[in-house]
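# Tertiary structure, described
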Amino acid sequence: MPTTYTAPAAEKTTENQRILQEFYPPLTQETTRRSPMRELISTVLSHRTTHADEELAYDRMLEAFGDWEGVVNAPTQELAHAIRTTRWPDTQAPRIQEILRRIKAERGEYNLDFLEEWPTEKGMQWLNDMPGIGLKTASLVLLFNFRKPVLPVDTHVHRVAQRVGMIGPKASVEKAHQVLLDQLPKDSLLLLNFHKHNYWHGQKICFFTKPNCARCPLKGFCNYYLEHYGPATPEALAATPACWDTAWGALPH
Ligand code: SF4
């Protein structure tokens, strides 16, 4: 039986995972990983910043100061200038230096590989205790780099989850991390795909304004669709594409 608009949230999450897994290209265990240090610092730089501007800031930072030791010892204003393509360089520069200082002080080197061996909860807590590192960044590092069974929720994943009804209408981004994780198998590859597919969906179809519902394979059980267009007709369902069409453009990073 197809999932309906009134289905429980957990059923909608399961169906979302199944459908988007077929709609978008799957990620594999071999999907390229950036180094953990790069993932951590890049995620700090990426806050409300495009991927291109984040990469530019990261490259300029290391070009200007050579390595992490150079970044820590750089005059903070000069570091802020190097990462000026990010949204808040004057806030991010001292934050990055403090994160690096703490990693060096606690671990003796700029290296996060020890997180591989640590239990997920302990690693999450350690990352979360860093200045400016929230649940999303900590989860991204643990899932992307160490394939720990956690689920990062950003603004795109949150928007799709809320519109479909996988989380409550008032559930915050922070709360959504645990609510969605509780509804999914603790399988890191599945969670990686779920995160990425919903991220792509929010970026390329379920836009903040004017979502492209005609293209969306979730319309048969999405609360937003029901509220705006009524129950999906057999014609609307039959006209929905089976998978992402590369003619619509490249999928984001
Ligand atoms: S049907 Fe529309 S609102 Fe619902 S998830 Fe799809 S694009 Fe978003």
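Residues numbered from 1 in each chain as written. Predicted model: local features only at pLDDT ≥ 70, side-chain atom pairs only at ≥ 80, totals over all residues.

### Details of unusual backbone geometry
Although it is not a glycine, R48 adopts a positive phi angle of roughly 55 degrees. Residue R48 is classed as exposed on the basis of its C-beta count, with 9 C-beta atoms lying within 10 Å. Phi at K210 is positive, roughly 50 degrees, even though this residue is not glycine. Among the secondary structure elements, K210 is positioned in the loop between α11 (188–204) and α12 (223–229). (Buried ≥ 20, exposed ≤ 12 C-beta atoms within 10 Å, placed from the backbone. Helix = DSSP H or I, 4+ residues; strand = E, 2+ residues; numbered from the N terminus.)

### Quick notes on the site of the ligand
Near the ligand lie 14 residues; those nearest to it are C206, P211, C213, C216 and C222. Of all elements in the fold, only α9 (155–164) and α12 reach the threshold of two or more residues within the shell around the ligand. It is α9 that contributes the most residues to the shell around the ligand, three residues altogether. Broken down by class, the residue content of the shell around the ligand amounts to eleven nonpolar, one polar and two charged. (Near = placed C-beta within 6 Å. Nonpolar A, V, L, I, M, F, W, Y, C, P; charged D, E, K, R; others polar.)

### Here's the deal with the domain arrangement of the protein chain
Splitting the protein chain by domain gives domain 1 (9–28 + 152–243) and domain 2 (36–146). Placing the centre of domain 1 and that of domain 2 at their C-alpha centroids yields a distance of 29 Å. Those elements that provide at least two residues to the side of domain 1 that touches domain 2 are α10 (173–182) and α11. The dominant element in the side of domain 1 that touches domain 2, judged by the number of residues it contributes, is α11, at four residues. Counted by class, the side of domain 1 that touches domain 2 contains four nonpolar, three polar and two charged residues. (Domains from an automatic or database assignment.)

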